[in-house]
Amino acid sequence: MAKFRSLLVLTLLASISTVLAESWKVSDINLAVISRDGGKKDERKLEYPHAGEDLIADSTDSLKFTFKVENKERPHQAMVLFKSQDEFKDEIMVAASVKSSGKGRFELNFAKADPKFKYGTRKYSMAFLVGGSKVDEPFKYTLGNIEIHAPSSNSAVRPSGVEYAAKPEIHHQFRPDQKLINTVVSGFFTVLVLAPFTVLFLLWSQLGIKFEPLKALTQKPLELVSALVFFGSLAGIEYVFYSYWTHVTLFPVLQYLGVLSLVAVVSGRSVLSAVQARRIQRTSGSAKKEL
Amino acid sequence: MSAETTSTVARVLKPTILILIAVVAIASRLFSIIRFESVIHEFDPWFNYRTTQHLVKNGFYEFWNWFDEKSWYPLGRVVGGTVYPGIMVTSALIHNVLHFFNFPVDIRNVCVFLAPMFSGLTAFSAYLLTKELKDSSAGLLAAAFLGVAPGYISRSVAGSYDNEGIAIFLLVFTFYLWIKAVKTGSAFFGLLTALFYFYMVSAWGGYVFITNLVPLHVFTLLLMGRYSNRLYVSYSTFYAVGTLLSMQIPFVGFQPTRTSEHMAALGVFGLIQLFAFAELVRGYVSPKQFKTLLRSGIVAVGAVSVVGLTLLSLSGVIAPFTGRFYSLYDTGYAKIHIPIIASVSEHQPTAWTSFFFDLQMLIFLFPAGVYLCFKELKDEHVFIILYSVFASYFAGVMVRLMLTLTPVVCVSAAIAYSTLLDTYLEKSEHVLASNLKGIQAQSSVTDTPASNTPATTTTEAKAGGKKAAGKGTPAKTVTKAAESESKTHAKTHSDKKRYPIFNWDSRAMVIVQLTWFLFMFAWHCTYVTSGSYSSPSIVLASRQADGSQVIIDDFREAYYWLRKNTKEDAKVLAWWDYGYQMAGMANVTTLVDNNTWNNTHIATVGKAMATSEEVSYEVLRQHDVDYVLVLFGGVIGYSGDDINKFLWMIRIAEGVYPKEVKEVDFFTPRGEYKVDHEATPTMKNSLMYKMSYYRFAELYGGNAVDHVRGARMPAEGPTLSVLDEAYTTENWLVRIYKVKDLDILGRDLKDATAFEKGKVRKTSLLKRK
Amino acid sequence: MEEIKSASSSLLASYFKDTPKSLKLIDSYMVYVLLTGLIQFVYVVIAGTFPNNAFLAGFISTISAFVLAANLRMQTNPKNASQFPTTSPERAFADFLACNLVVHFAVANFLG
């Protein structure tokens with residue numbers, strides 16, 4: 001509707017500013033108020049550009065409007081614009097149908113027409129508009145006023161406020177962040193989670209681990225080197241994981257991992273097979289006994 | 001021929017045969033490419049293709065965080081988090097590797113040929129799996145069967161770029177690794193199982209099958225009293241690592257800790273921990289004391305778990321079963337509760353004929369193979385039995401799950417077939433018996449204390465062999481020793497168990513028959529593949545009376561029109577079946593698509609189709625729709641058109657808008673679904689009906705016949721006032737309508753149309769006069 | 001009750017007597033992991049699972065560490081040698097390392 005209104009304003013402006021060769025010729029403009037039983041209550045024969053006297057109608061009546069377009073061109077649009085004469089300035093558009101002979105009409109039953117007619121007793125101004133594609137200047141004629149009386153009992157109340165107004169702005173609602181627990185508690189638990197390490201070392205020290213393989217390694221420098229490389233690559237992999245967590249993206253991580261795991265596999269193979277060889281040497285005596 | 005040369009020949013032959021099987025598997029999937037062209041042929045895969053393109057073009061992280069505003073307008077879709085990325089990442093990886101080596105292969109061709117390539121790998125993993133169950137000759141048969149079985153081809157022809165294409169390979173290979181892990185008890189194989197399980201999770205929603213089948217296997221073994229430390233190692237490694245890995249896929253997320261589908265695996269994991277602990281305790285105390293400890297332990301654990309479970313389900317931590325899951329168990333469930341699931345033809349129960357159609361002779365070899373598994377009944381055979389039982393059930397429930405059944409059918413059919421061949425081809429009873437014994441001795445290492453001695457010698461010799469870098473020789477001597485030992489038992493053994501066949505005539509009869517079956521099978525597979533499974537759905541082919549082929553290319557015509565003639569951001573409303581295709585081929589914004597995640601939105605589209613013009617115009621305007629697209633098969637007799645799907649649209653819409661759409665209104669008083677002059681007023685006024693039959697009668701001069709429904713249409717067709725016909729393809733298969741803008745005078749569009757046509761507006765008052 | 005008491009005391013006694021030192025080493029590691037897991041669980045009961053991925057990453061990593069250590073224990077236990085014909089203790093250790101690395105990678109990814 002808003003679009004339409006601005007369009008209307010534009011066409012009206014155009015009609016004022018431009019002077020064109022052809023314009024609409026409309027004659028036989030008649031307005032009649034017809035009561036429910038079909039009898040004529042009031043009538044106005046109008047002549048452009050004079051406005052007629054005010055009409056008075058009941059809400060059960062209907063308004064009959066006839067006219068004749070003299071042009072050869074059939075109008076594309078022909079309608080009457082009702083505008084309420086109160087603070088709301090409600091607009092109601094009623095289109096008329098035009099026959100090929102040029103005769104046009106509509107009959108408007110207020111009871112069944114636009115609900116805006118039923119907002120109590122109001123006075124409306126009527127403007128007649130005719131337009132078409134080949135005639136540049138539209139025809140505009142102020143017909144006069146009509147007062148429509150609402151039935152005293154059941155007249156609808158007009159919703160207050162402007163009909164076309166900006167709706168309240170929609171604000172995005174984000175889900176509130178979930179609450180994190182107090183940092184003291186979580187800090188306490190961080191310490192607590194690390195506490196079992198002491199249990200681990202306590203237990204291990206109680207067991208009294210002897211680092212036999214380590215001693216054996218020191219005697220063979222080659223194995224020592226591969227063992228160091230092995231543990232170094234494992235530590236490297238863990239470091240890569242750590243940095244993946246903190247800042248590095250996936251693809252460089254995958255590249256580092258590829259290199260490091262290759263190193264780890266090769267060195268680990270040699271270290272572990274050396275360990276295995278020592279174990280088999282150690283246990284071969286007892287194994288033979290078992291067989 | 002000596003044994004040595006035989007083994008050398010076998011060593012050469014096996015890879016050759018496997019390669020040939022892979023070649024056949026790939027080649028038989030190329031019918032559609034050769035007949036038509038190298039494009040994505042199906043509806044659904046267009047989404048995969050589009051996302052793969054996005055991935056290749058914009059990189060991994062961009063893909064991961066991709067918010068697709070061109071689908072599910074106006075909601076949009078978080079693609080990275082709602083997709084199984086396995087297939088896209090796989091093809092992008094292949095594409096990048098090829099480009100790294102300067103093979104400029106287009107991503108489209110990678111996508112088109114991905115499924116056939118993976119089918120070759122599937123055949124190979126079927127070989128490995130069956131080899132673990134019986135021997136390598138059965139493995140070769142299984143590979144050959146799975147390579148050409150139509151049940152699998154149906155989802156992996158070239159141009160069908162769907163998740164199942166790689167998922168079946170992953171399924172079979174994961175199962176192979178699982179069996180290997182159970183057999184060896186190696187954490188390494190458990191880890192590999194978990195890794196491939198992760199790949200599977202990233203590729204297909206059917207991973208739930210693995211998540212339930214493997215724990216079930218473990219559970220059954222526990223019930224059979226077959227707990228072993230090997231089982232513990234393999235399962236706990238698989239579960240712990242696999243679950244953690246599966247949660248890395250955003251689409252799966254925290255489901256493994258929440259939903260009931262994953263609870264079985266967790267429960268079995270807990271159970272096996274208890275078993276292991278009990279086993280550990282048993283080693284330290286006397287049997288009597290163990291019994292008292294066990295009893296008290298069971299009571300304690302039972303009490304704790306009952307309390308814990310009640311608390312968890314009461315507090316809602318464990319989610320209830322989802323609808324799709326119910327529909328697996330109860331076929332009626334989906335029909336009653338979720339029309340959107342029931343509306344997909346793949347989700348319908350399988351017709352029994354399609355079992356034979358998809359598997360041919362395998363389907364009757366299948367029970368025989370399962371029977372043979374029962375006869376052996378080692379841990380891995382239990383797995384195959386469970387797999388076959390459950391897969392058969394699920395294949396009966398849903399057509400698309402035929403796919404998970406096919407591998408196990410191929411495997412067990414191969415076992416049956418190769419047992420038959422073994423029985424009828426073996427030269428003498430001695431060889432037969434010794435082979436049998438040899439296999440038994442090697443695989444069942446710790447069954448009885450009596451067989452312990454040869455087994456330990458084997459391992460010792462193997463360990464020694466590794467060190468001496470001469471793998472072959474010592475191991476061979478051991479097997480020879482085992483053979484000679486078993487030969488002494490051979491007589492009694494075979495008398496008891498086997499009756500080998502000596503007569504050449506009875507042998508020949510069976511062998512010839514079996515070979516004939518094989519020929520029939522190969523012929524059937526090729527016939528089915530070429531006839532039914534290689535006809536793409538985006539291009540239709542039909543034959544004229546004179547035998548010449550006519551290609552109906554209306555879909556691409558329509559999508560091309562949309563791509564070239566609409567605005568960049570044009571919104572096109574169509575039923576969800578065409579969503580992915582429109583997005584991929586026409587590059588337009590769609591309202592709903594094949595990812596049916598929002599039922600309400602789909603129901604809204606259904607409502608727009610099923611209601612009268614005035615009502616649906618509101619819906620169209622609200623959703624900024626520019627064009628509406630319908631499929632109409634009435635001219636050429638294409639039965640998959642929208643009028644035939646219309647009932648589903650109505651049902652889905654009714655589920656959400658029960659006041660505005662009522663299914664009953666679309667049926668004639670006699671309960672028929674009619675489109676001709678007997679159609680109900682609601683039907684005739686519905687937007688779908690109007691769009692389909694708009695100007696249809698004009699085409700035939702008022703004497704139109706709908707070729708799909710065989711209905712004679714009324715001479716005067718429906719009128720449209722809120723839509724303009726924008727484009728109709730050559731064979732009327734796709735019709736595109738433009739949604740009219742609001743009337744410039746603020747009139748009803750219906751009045752405006754009537755006005756345009758020169759009809760006088762009939763007011764109620766005039767009528768009264 | 002009495003029986004249980006005596007049974008458990010004899011269990012402990014035979015455990016300390018019959019278990020090789022290397023297995024005790026693994027056992028103490030498992031105790032450590034168990035304690036860590038328990039503390040995490042208590043924390044979750046108090047604080048809730050809000051950064052769900054962090055909780056799951058931590059908790060599952062302890063579970064997997066425990067389970068993998070149990071695997072290692074089983075495979076290196078000389079009593080079980082007959083059940084694992086193809087797995088030597090060194091192989092078991094290598095498997096243990098590999099599994100742990102994969103788990104740590106997943107955990108690092110899951111922490112976010």
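Bear in mind the structure is a predicted one, so any value in this text is a computation, not a measurement.

### Here we look at the nonpolar core
Thought 1: Residues Phe145(B), Tyr235(B), Leu362(B), Leu629(B) and Leu723(B) are the most contacted members of the largest nonpolar core, which totals 249 residues.
Thought 2: For this core, the leading source of residues is helix α9 (residues 163-184) of chain B, giving 15 residues.
Thought 3: Core analysis: the second largest hydrophobic core is formed by 34 residues, Trp24(A), Val98(A), Phe110(A) and Val135(A) among them.

### Description of the pairing of strand β2 (residues 40-46) of chain A
Residues and elements named next belong to chain A.
Thought 1: For strand β1 (residues 26-34) and β2, the ladder comprises six bridges, and the chain directions are antiparallel. Counted as the bridge partner of Val33 is Asp42 from β2.
Thought 2: Hairpin geometry of β1 and β2 is characterised by an intervening segment of five residues between the two adjacent antiparallel strands and by a positive phi of about 100 degrees at Gly38.

### Things to note about a nonpolar patch on the surface
Thought 1: Nonpolar side chains collect at one region of the surface, where Phe356(B), Phe364(B), Trp516(B), Phe517(B), Phe519(B) and Met520(B) lie side by side and expose about 640 Å² of accessible area between them.
Thought 2: Broken down by element, the nonpolar patch gets its largest block of residues, four residues, from helix α26 (residues 504-533) of chain B.

### Comments concerning the sheet that holds strand β5 (residues 77-84) of chain A
Residue and element names in this part refer to chain A.
Thought 1: Spatially, β3-β10-β9-β5-β6 is the arrangement adopted by the five strands of the open sheet, whose pairing is mixed. On the outer flanks of this sheet lie β3 (55-58) and β6 (91-95), each paired with one strand and no other. Neighbour-to-neighbour, the strand axes of this sheet turn through a mean angle of 30 degrees, independent of strand direction.
Thought 2: Where β5 meets strand β9 (residues 122-131), eight bridges bridge the pair, whose relative direction is antiparallel. Paired with Phe82 across the strands is Met126, a residue of β9.

### A closer look at empty space enclosed by the protein
All names here are of chain B.
Thought 1: A full pass over the atoms with the stated rule returns two cavities of 30 Å³ or more.
Thought 2: Taken as a whole, the largest cavity encloses approximately 80 Å³ of empty space.
Thought 3: Lining the largest cavity are Tyr197, Thr211, Phe238, Tyr239, Gly242, Thr243, Ser246, Pro256, His262 and Ala265.
Thought 4: For the lining of the largest cavity, the element with the highest residue contribution is helix α12 (residues 229-246), accounting for five residues.
Thought 5: Considered class by class, the residues forming the lining of the largest cavity number five nonpolar, five polar and no charged.

### Comments concerning the interface of chain A and chain C
Thought 1: Opposite the 32 residues of chain A that make contact, chain C presents 30 residues.
Thought 2: A buried area of about 2,900 Å², summed over both sides, lies between chain A and chain C, and 79% of it is on carbon and sulfur atoms.
Thought 3: For the pair chain A and chain C, the interface holds zero salt bridges.
Thought 4: For the interface between chain A and chain C, the tally reads five residue pairs in polar contact (both at pLDDT 80 or more).
Thought 5: Taken together, the elements giving at least two residues each to the side of chain A that touches chain C come down to α2 (183-194), α3 (196-207), α5 (221-246) and α6 (250-290) of chain A.
Thought 6: For the side of chain A that touches chain C, the element with the highest residue contribution is α6(A), accounting for eight residues.

### Quick notes on the interface of chain C and chain B
Thought 1: Every contact between the two is made by 42 residues of chain C and, on the other side, 38 residues of chain B.
Thought 2: Summing both sides of the interface, chain C and chain B together bury roughly 3,300 Å²; the carbon and sulfur share of this comes to 68%.
Thought 3: For the chain C face of the interface with chain B, the top three residues by lost area are Met74(C), Gln83(C) and Phe110(C), together amounting to 14%.
Thought 4: Between chain C and chain B we count zero salt bridges in total.

### Structural notes on the packing of aromatic side chains
Thought 1: One pass over the structure, following the stated rule, counts 76 aromatic pairs over all chains.
Thought 2: Between the aromatic rings of Trp178(B) and Phe238(B), the centroid separation amounts to 5.9 Å while the plane-to-plane angle is 50 degrees, which identifies the pairing as tilted. Of the two residues, Trp178(B) is situated in helix α9 and Phe238(B) in helix α12; the sequence distance between them amounts to 60 residues. Exposure class is identical for Trp178(B) and Phe238(B). Each is buried.
Thought 3: Residues Tyr239(B) and Phe269(B) carry aromatic rings whose centres are separated by 4.8 Å and whose planes lie at 35 degrees to one another, so their mutual orientation is tilted. Here Tyr239(B), found in helix α12, pairs with Phe269(B), found in helix α14 (residues 263-282); they are 30 residues apart in sequence, far enough to count as distant. With respect to class, Tyr239(B) is no different from Phe269(B); both count as buried.
Thought 4: Here the aromatic residues Tyr48(A), Phe65(A), Phe67(A), Phe106(A), Phe128(A), Phe139(A) and Tyr141(A) are joined through ring pairs into a cluster of three or more.
Thought 5: The cationic tip of Lys607(B) hangs over the ring face of Tyr657(B); the distance from NZ or CZ to the ring centre is 4.6 Å.
Thought 6: For Arg651(B), the ring lying beneath its charged end belongs to Trp648(B), and the centroid distance is 4.8 Å.

The rules behind the values
Residues numbered from 1 in each chain as written. Chains lettered and ligands numbered in written order. Predicted model: local features only at pLDDT ≥ 70, side-chain atom pairs only at ≥ 80, totals over all residues. Heavy atoms only, no water. Core = buried A, V, L, I, M, F, W, Y, C linked by side-chain atoms within 4.5 Å. Buried < 20%, exposed > 50% of the residue type's maximum accessible area, 1.4 Å probe, protein only. Helix = DSSP H or I, 4+ residues; strand = E, 2+ residues; numbered from the N terminus. Pairing = 2+ DSSP bridges. Patch = residues over 30% accessible without salt bridge, like charges linked within 9 Å, V, L, I, M, F, W, Y side chains within 5 Å. Areas by Shrake-Rupley, 256 points an atom, 1.4 Å probe, with all protein chains shown as cover. Salt bridge = Lys/Arg side-chain N within 4 Å of Asp/Glu carboxyl O. Axes fitted to C-alpha atoms, helices over the stretch in contact; angles between N-to-C directions. 1 Å grid on protein atoms, 1.4 Å probe; cavity = no way out; pocket = protein on both sides within 12 Å on 5 of 7 lines; lining within 4 Å. Points joined across faces, edges and corners; volume = space filled by probe spheres on them. Nonpolar A, V, L, I, M, F, W, Y, C, P; charged D, E, K, R; others polar. Contact = heavy atoms within 4.5 Å. Buried area = accessible area lost by both parts, 1.4 Å probe. Polar contact = N/O pair within 3.5 Å; in protein donor to acceptor, adjacent residues only side chain to side chain. Phe/Tyr/Trp six-rings, centres within 6.5 Å; stacked < 30°, edge-to-face > 60°. Lys NZ or Arg CZ within 6 Å of the ring centre and 35° of its normal.

Function-wise, these values are silent; they only describe arrangement.
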